Amino acid sequence: MERLDKLIAATGRFSRREVKALVRSGRVTVDGRPAARPEEKADPETACIAVDGEQILWRRATYIMMNKPAGLLSATRDGRGDGTVLGLLPPELRRQGLFPVGRLDRDTVGLLLLTNDGGLAHDLLSPKRHVDKTYFVRVAGTIVPADQAAFAGGLVLGDGLRCLPAALAPGETADTAFVTLHEGKFHQIKRMFAARGKPVLYLRRISMGPLSIDETLAEGEYRYLSEEETALLQDFRHGSSQSSK
Ligand code: URA
């Protein structure tokens, strides 16, 4: 059971304050009878909650796939949009308390998952899970088999930090590659290539765990995860696909 004001505000259509006013003016019904108080509790799985007769579509959590553009931070700044990827979302989504699952640098583009499911985010980001993240990268220089071997062997960064083995697959041109990490250190791809003397010029995340970027999304666009993607994520979370390694 959840408070009505919380349940209705979670849809993002109204703020909590607006919901309180709606309830007080008798415009919210639970199973056809006007709600008495915003604090009244209802079971969102079974109750029919409506505003002005229109049923509220309640979701346990929201999952958004975004193709992050360059120039924006993958942060929340308390739900305000300025300078962050949240600014690309309409107010009704911004009000849902969404946050990016993990960080991409300001100049990194590609797959970013936004959710208000703290448990899922925690599990995907947990260092113990070693969730695979694959990036397409273009560097200044030529990528050679020795780079592949160094990545596979657990590269030591400039500051002495050792990385877990990472897979480097050559791209179509000698300055590009696909790199799969099983961890997420700060600026990791850039620091790995810096350790090989090859500055990163372009970085795009193309997958994270069971999710791959939807290539039909232009940079700056987003969409809800499909039912199938959401199910994949939940299975993943509960360990039935890529499990802890
Ligand atoms: N590695 C980086 O260097 N930057 C990112 O944004 C992601 C991985």
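None of the values given here were measured: they were computed from a predicted structure.

## With respect to the overall build of the protein
What the protein contains, in helices and strands, is seven helices and 15 strands. Expressed as lengths along the three principal axes of its C-alpha atoms, the size of the protein is roughly 70 × 35 × 35 Å. A buried classification covers 45% of the 245 residues belonging to the protein. Of all intrachain contacts in the protein linking residues separated by at least 6 positions in sequence, the fraction that spans at least 24 positions is 63%. For the protein, the exposed area adds up to about 12300 Å²; of that, 53% sits on carbon and sulfur atoms. A gap of 6 Å separates the mean positions of the 35 positive and 31 negative side-chain charges of the protein.

## Some points on unusual backbone geometry
Its identity as a non-glycine residue notwithstanding, Asp31 has a phi of 50°, on the positive side. Relative to the helices and strands, Asp31 resides in the loop between β2 (28–30) and β3 (33–34).

## With respect to the domain arrangement of the protein
Each assigned domain of the protein is listed here: domain 1 (2–55), domain 2 (63–127 + 211–243) and domain 3 (133–208). The centre of domain 2, based on its C-alpha atoms, is set 23 Å off from the matching centre of domain 3. Residue-level contacts link 17 residues of domain 2 with ten residues of domain 3. Summing both sides of the interface, domain 2 and domain 3 together bury roughly 1200 Å²; the carbon and sulfur share of this comes to 43%. The residue Lys190 makes a salt bridge to Asp105 at a minimum N-O spacing of 2.8 Å. In this structure, the connection of domain 2 to domain 3 is made through nine residue pairs in polar contact (both at pLDDT 80 or more). Looking at the side of domain 2 that touches domain 3, the elements that each hand over two or more residues are β9 (109–115) and β14 (211–212). The dominant element in the side of domain 2 that touches domain 3, judged by the number of residues it contributes, is β9, at five residues. Considered class by class, the residues forming the side of domain 2 that touches domain 3 number nine nonpolar, four polar and four charged.

## Comments concerning the site of the ligand
Leu104, Asp105, Thr108, Tyr135, His187, Gln188, Ile189, Lys190 and Leu203 make up every residue found near the ligand. The backbone of Gln188 places a nitrogen or oxygen atom 3.4 Å from an oxygen atom of the ligand. Considered on its own, the ligand offers 240 Å² of accessible surface; in the complex 95% of this is hidden by protein. At three residues, helix α6 (residues 188–195) tops the list of elements feeding residues into the shell around the ligand. Residue composition of the shell around the ligand, grouped by class: four nonpolar, three polar and two charged.

## Describing α6
Within α6, the full set of buried residues consists of Gln188, Ile189, Met192 and Phe193. Angularly, the buried residues of α6 cover 125° about the axis, an arc narrow enough to put them on a single face. Buried positions along α6 lie against β10 (133–139), α5 (145–152), β11 (167–170), β12 (176–181) and β13 (200–208). Following α6 by one or two positions, Gly197 has its phi on the positive side, about 75°.

## A short note on the packing of aromatic side chains
A full pass over the atoms with the stated rule returns three aromatic pairs. Their ring planes at 55° and their centres at 5.3 Å tell us that Phe136 and Phe178 sit as a pair that is tilted. Placement of the pair is Phe136 in strand β10 and Phe178 in strand β12, with a sequence separation of 42 residues. A residue is classified by how much of its surface remains accessible, and Phe136, at 18% relative accessible area, is buried. Pairwise contacts between aromatic rings join Phe136, Phe178 and Tyr202 into one cluster. Sitting over the face of the ring of Phe236, Arg129 holds its NZ or CZ atom 5.0 Å from the ring centroid.

## Quick look at the sheet that holds β3
Sheet architecture is open: four strands sit in the order β3-β2-β5-β6, paired in antiparallel fashion. Because the sheet does not close on itself, it has two edges, and the strands there are β3 and β6 (54–55). Bridge count between β2 and β3: two bridges; the pairing is antiparallel. Directly across from Val30, in β3, lies its bridge partner Arg33.

Criteria and cut-off values
- Residues numbered from 1 in each chain as written.
- Predicted model: local features only at pLDDT ≥ 70, side-chain atom pairs only at ≥ 80, totals over all residues.
- Heavy atoms only, no water.
- Helix = DSSP H or I, 4+ residues; strand = E, 2+ residues; numbered from the N terminus.
- Buried < 20%, exposed > 50% of the residue type's maximum accessible area, 1.4 Å probe, protein only.
- Contact = heavy atoms within 4.5 Å.
- Areas by Shrake-Rupley, 256 points an atom, 1.4 Å probe, with all protein chains shown as cover.
- Lys, Arg positive; Asp, Glu negative; His and termini not counted.
- Charge placed at Lys NZ, Arg CZ, Asp CG, Glu CD.
- Domains from an automatic or database assignment.
- Buried area = accessible area lost by both parts, 1.4 Å probe.
- Salt bridge = Lys/Arg side-chain N within 4 Å of Asp/Glu carboxyl O.
- Polar contact = N/O pair within 3.5 Å; in protein donor to acceptor, adjacent residues only side chain to side chain.
- Nonpolar A, V, L, I, M, F, W, Y, C, P; charged D, E, K, R; others polar.
- Near = heavy atom within 4 Å.
- Arc of directions from axis to C-beta.
- Phe/Tyr/Trp six-rings, centres within 6.5 Å; stacked < 30°, edge-to-face > 60°.
- Lys NZ or Arg CZ within 6 Å of the ring centre and 35° of its normal.
- Pairing = 2+ DSSP bridges.

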